[in-house]
Amino acid sequence: MPKNLPYKDIVIVGSGASGGACAWRLSTSGASVVIIEQGPWFDKNNYPGDSNSWEIHSKNSFDFNPNVRKLEADYEILDKESDIHPLMYSAVGGSTHHWTAHTPRFHPSDFRVKTLDGVADDWPISYWDLEKYYDINDEMMGCSGINGDPANPPRSPRQMPPLPLGPDGERIAKAADKLGWHWWPSDSYQASEDYKGRVGWNNHGTFASKKKWQSIASTDHTYIKPAMKNGLEVRENCAVQEITVDNSGKLRGVVYVDNKGVQYFQEAGKVILACNGIGTPRLLLSSKSKAFPQGLANSSGLVGKNLMYHPYASVSGIFADKDINYSLGPLANIIIVQEFYETDVSRDFVRGYSFQMNRSHGPGHTSLGVGAGGKIVPWGKEHHNEFKRRFKKFLGLAVISEDLPELHNRVEIDENLKDKNGIPLPRIFYKTSKNTRNLLDHGIRSAEKLLKEAGCYETHVIPTLESAGWHLMGTAKMGEDPKNSVVNKNCETHDVENLYVIDGSVFTTSAAVNPTPTIQAVALMAADKILGV
Amino acid sequence: MDINNNDISNLFSFVDTVIPSIDEMPSASEVISKEDLVWILENNIKYIDPIKDFLSFVKKEPASRVVGGIQELNDDHRIEILNLMESVMPVQFNLFIEVIYLLYYSKENVHEIIGWNSDELSDENKMKPFDKTILEKVSKREPFWKQV
C-alpha cells in the first residue's frame, strides 16, 4: 500500500518547458503546489562541453535519445514501428537542458488550418489569445532576437540582441536576399548577454563549449527556482505510476514511486500533466479504472492518437573557403527562413515549412558523417584527406515541416513490457505521410538552391532525419467537442474535472516551427484559467 | 564488461588500419591507447555487443586462424577483413568505427593539428556582434504573414 501524503492543492507531473512555466504562474497564487519529476536536479557545471570527450558523451550519456542514453531516469520507448525516433531528456527542467533553444512563435494561420486549408482542425484558441503569454514567457526565459520580421506579427521588444550571425550566417542571409527570399535572425532562448543571473554567450566560444550550454535557458533556473521562493515543492527522482479517481470518476490524486522504491499516494485538488507528447498519453492510458476502462480522459478514444513530430530533412553544403570557420557560433539558432511557410495551391502539398540554418560540428561528429548526409568519412588511406575536405567547411539547412495529425500515428502502451517502476512502456507507430513527403522534397530542392546561391560546391541530403523526434505533439488534442478532442480550450480534460494537460500533447496542429515557446505560452494560459484570471 | 585483455589487444591491432598515419596526421595507435578502448567500452554500454560481434567475426576469418592469430595479421588481411565486415555487418561495423573515430578526435594533439580550438575565451573564437545593417534588404519587405 502506498504511503498517504498530506493533501496538496495542485500536483504537476513533469518539470520541463510546460511544467516549469505553469508551476511558476500557479505558485504566485498561494496555492500549495508540488512538482513530481522522474529525473534529478541537473548541475549545469556537468555539461560535457569543454571536455575533450564531449563528442563521446553526446553520442552516449548525453545523447538526445533515451534509448541510447539509458540513464537511471530514462524509460525505454518502443519505436521500431516509427519512421522517426522520439527524443527527450528527464531532469528537473526536462528537455530544456538539451536543446538548441531556437524559439520562433507559431503564426496566426497555424491556429486556423481547417478554415484556411480544409485540413485537420482549427484550434479553439487563437494566436492572439496566446500573445500575452508568449511575451511573459520571453521575459522569463530571456529572448535574444530583433523585431521587424516581415513573416510574423510585430512582437514585444526582445530582451537581448540577436546572437551573432558570423560570416557563414551572413552568407546565407545574402544568398536569401539575392533570391528575394525571406530570412530573419532566429529568436533564441540562448542569452546573447548576461541575463537574470544567467551567463551570456557574449560572442565567445564554439557551440560545444560549456558556456554555450550555460547560456541556454532551462526551466529549472528560469521558472522553478523562482517558484520555489513562492513555496513550490519539487520531488525529484519520482515516477508517477497512476492518476487515481474514485468510483464515480472524481479525481483523487497520483500514485508515485521514488528511486528507493517507496510508493506514495499524493491526494490533490488538481492534477496537471506536463510529461510531453509521449509521457502524458502513456500515463493516461496506464491509469485504467472501473470508471475509465480505456484509460483516463479517453472517452473520445483520442488519447495517444494524432502523434505529430516535425519531420526534418537535412541539406548540407560543403564550401571551399579557407577563411571561414563554419563551426564557430551557435549551432542551430542562427537564421530562420519562412519563404515557404503557407499553403500555395500550385504545389503538391498543403501547409509549409521553415528552414533552420545550422553549422559544422566538431571533429568527431564530422568524421561520423554529420554534414555529409550521414556518410561516414572513409576509413583507411583516404581518411585524412576526406576529413580535411569536410571539417569546418559545411553548413546546413534543416527543413522543418508542418506535420498534419493522423489517427494512425499514435502512442500506445505495451501492458506486457514495463519499466523498472512497473509502468507500461510506450510503443510508437508513425509513418510519414504523402503530404509531408512532398513538402520535404520541395524543401530539399529549395535548400539546395539557397546553399548553391551561397557558394557551396557540393550538397548532401538526408530526406528524413530519423533521429529528429524532438517535438512531440498532438496526443491529447485540444478542442471544443468532447467526441473529437481530449482537453478543452483551458487544457482541462473533457472527461475528468480538475485534470489538466499542458504539454505539446494538446496541440491541435503542429505548425512548422520549434514548439517550445508555444508549449510554454499554452501552459501559462492554462495556469491563468486555473487561477480564474 | 565481458571483454578480456586479449580481446582488447585484438581490437587495438586494427586501429591503424582504420586511421593510418599520413603526412602530419598521426595514426590511431599514436594517439589512443588500449586503456582508452577499455574506458570507452566500460562507460558506454551501446558499444559492447557490436564490439563482441566484431571480435567474433574476426576470429572466424580463416586468415586469423592460419597466420598465427589476429595480432599477427598483415595489413592486407586486415583491410580484407574490415571490407568484408563492412558489407555483411554494417551496423556493428559502423559502431566499431565510431569508437575509433570518437577516441581519435577527442585527443588534444589531434585537435592541434586539425585546428580545433575549444577554448571559448580565445581570440580565435571571438565573434563579431550582430550587425543590423545586414537586415537592410529584408526589413524593407512588406509584412506577409496571414491575417486571421
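Described below are features of the structure shown in this document. (Residues numbered from 1 in each chain as written. Chains lettered and ligands numbered in written order. Predicted model: local features only at pLDDT ≥ 70, side-chain atom pairs only at ≥ 80, totals over all residues. Heavy atoms only, no water.)

Describing the overall build of chain A
- Along the backbone of chain A there are 13 helices and 16 strands.
- Counting the 533 residues in chain A, one finds 67% classified as buried.
- Here the contacts in chain A between residues at least 6 apart in sequence split such that 72% fall between residues at least 24 apart.
- Summed over its atoms, the accessible surface of chain A is roughly 17,500 Å², and 49% of this surface lies on carbon and sulfur atoms.
- Here chain A contributes 58 positive and 62 negative side-chain charges, whose respective centroids are spaced 3 Å apart. (Helix = DSSP H or I, 4+ residues; strand = E, 2+ residues; numbered from the N terminus. Buried < 20%, exposed > 50% of the residue type's maximum accessible area, 1.4 Å probe, protein only. Contact = heavy atoms within 4.5 Å. Areas by Shrake-Rupley, 256 points an atom, 1.4 Å probe, with all protein chains shown as cover. Lys, Arg positive; Asp, Glu negative; His and termini not counted. Charge placed at Lys NZ, Arg CZ, Asp CG, Glu CD.)

A closer look at the overall build of chain B
- Helix and strand content of chain B: nine helices and zero strands.
- Starting at the N terminus and ending at the C terminus, chain B contains elements arranged as α-α-α-α-α-α-α-α-α.
- Referenced to the eigenvectors of the C-alpha coordinate spread, the extents of chain B come out at roughly 75 × 45 × 30 Å.
- When each of the 148 residues of chain B is scored for burial, the buried share is 47%.
- Of the accessible surface of chain B, which amounts to about 7,800 Å², a share of 48% is contributed by carbon and sulfur atoms.
- Positive and negative charge centroids in chain B, built from 15 and 27 side chains respectively, lie 12 Å apart.

Regarding the environment of Ala73 of chain A
Residues and elements named next belong to chain A.
- Tracing the chain through its elements places Ala73 in the loop between helix H3 (66–69) and strand E3 (78–82).
- Here Ala73 falls in the buried class, since its relative accessible area comes to 15%.
- Once residues lying within four places of it in the same chain are set aside, the contact partners of Ala73 are Gln38, Gly39, Pro40 and Ser90.

Things to note about the side chain of Ser286 of chain A
Residues and elements named next belong to chain A.
- With respect to the helices and strands, Ser286 occurs in helix H9 (residues 276–286).
- A polar side-chain atom of Ser286 sits 2.6 Å from the main-chain carbonyl oxygen of Arg282.
- Not counting residues within four places of it along the chain, the set of residues in contact with Ser286 comprises Gln241, Ile413, Ile423 and Pro424. (Polar contact = N/O pair within 3.5 Å; in protein donor to acceptor, adjacent residues only side chain to side chain.)

Overview of the sheet that holds strand E4 (residues 184–185) of chain A
Residues and elements named next belong to chain A.
- Pairing within the open sheet is antiparallel, and its six strands lie in the order E4-E10-E11-E12-E9-E15. Of all strands in the sheet, those bounded by a partner on one side alone are E4 and strand E15 (458–462).
- Across the sheet, helix H12 (residues 434–453) lies against strand E9 (312–318), strand E10 (335–337), strand E11 (353–358), strand E12 (394–401) and E15, angled at about 150° from E12, the strand it touches most. (Pairing = 2+ DSSP bridges. Axes fitted to C-alpha atoms, helices over the stretch in contact; angles between N-to-C directions.)

As for H12 of chain A
Residue and element names in this part refer to chain A.
- Taking 1.5 Å of rise per residue, 20 residues should cover 28 Å, and H12 covers 29 Å from first to last C-alpha, within 8% of that figure.
- Within H12, the full set of buried residues consists of Asn435, Thr436, Asn438, Leu439, Leu440, His442, Gly443, Ile444, Ser446, Ala447, Leu450 and Leu451.
- On its buried face, H12 sits against helix H6 (166–179), E9, E10, E11, E12 and E15.
- In the segment just after H12, Gly455 is the residue with positive phi, at about 110°. (Expected span 1.5 Å × (residues − 1).)

A word on the layout of surface pockets
- In this structure, the second largest pocket occupies an estimated 390 Å³ of space.
- What lines the second largest pocket is a set of 20 residues, and nearest its centre among them are Gly166, Pro167 and Glu170 of chain A together with Met127 and Lys128 of chain B.
- Looking at the lining of the second largest pocket residue by residue, the class counts come to nine nonpolar, three polar and eight charged. (1 Å grid on protein atoms, 1.4 Å probe; cavity = no way out; pocket = protein on both sides within 12 Å on 5 of 7 lines; lining within 4 Å. Points joined across faces, edges and corners; volume = space filled by probe spheres on them. Nonpolar A, V, L, I, M, F, W, Y, C, P; charged D, E, K, R; others polar.)

Remarks on the packing of helix H1 (residues 5–12) of chain B against helix H5 (residues 48–60) of chain B
Residue and element names in this part refer to chain B.
- The N-to-C vectors of H1 and H5 enclose an angle of 75°; their axes lie 11 Å apart at closest approach. When the interaxial angle is binned, H1 and H5 end up roughly perpendicular. Seen from H1, the contacting residues are Asp7, Asn10 and Leu11; seen from H5, they are Ile51, Phe54, Leu55 and Lys59.
- Within the contact of H1 with H5, the residues separate by chemical class into four nonpolar, one polar and two charged. (Parallel < 35°, antiparallel > 145°, perpendicular 65-115°, else oblique.)

Considering the interface of chain A and chain B
- With 72 residues of chain A in contact, the opposing surface of chain B contributes 58 residues.
- A combined buried area of about 5,500 Å² lies between chain A and chain B, and 66% of that area is made up of carbon and sulfur atoms.
- Our enumeration of links across chain A and chain B arrives at two salt bridges.
- Notably, a salt bridge pairs Arg141 of chain B with Glu339 of chain A, separated by 2.7 Å at the nearest N-O pair.
- Run the count over chain A and chain B and you get 19 residue pairs in polar contact (both at pLDDT 80 or more).
- Elements represented by at least two residues in the side of chain A that touches chain B include exactly helix H2 (54–58), H6, E4, helix H7 (210–215), helix H10 (363–367) and helix H11 (383–390) of chain A. (Buried area = accessible area lost by both parts, 1.4 Å probe. Salt bridge = Lys/Arg side-chain N within 4 Å of Asp/Glu carboxyl O.)

Side note on the packing of aromatic side chains
- Counting across every chain of the model gives 32 aromatic pairs over all chains.
- Judged by centre distance (5.4 Å) and plane angle (20°), the ring pair of Phe340 of chain A and Tyr353 of chain A falls under stacked. In this pair, Phe340 of chain A is assigned in the loop between E10 and E11 and Tyr353 of chain A in strand E11, connecting sequence segments 13 residues apart. Note on accessibility: Phe340 of chain A and Tyr353 of chain A belong to one class, buried.
- When the centroid spacing of 5.9 Å and the interplanar angle of 50° are considered together, the rings of Phe391 of chain A and Trp116 of chain B count as tilted. Within this pair, whereas Phe391 of chain A is found in the loop between H11 and E12, its partner Trp116 of chain B is found in the segment after helix H9 (108–114), the two belonging to separate chains. The pair formed by Phe391 of chain A and Trp116 of chain B is uniform in burial state, with each residue classed as buried. (Phe/Tyr/Trp six-rings, centres within 6.5 Å; stacked < 30°, edge-to-face > 60°.)

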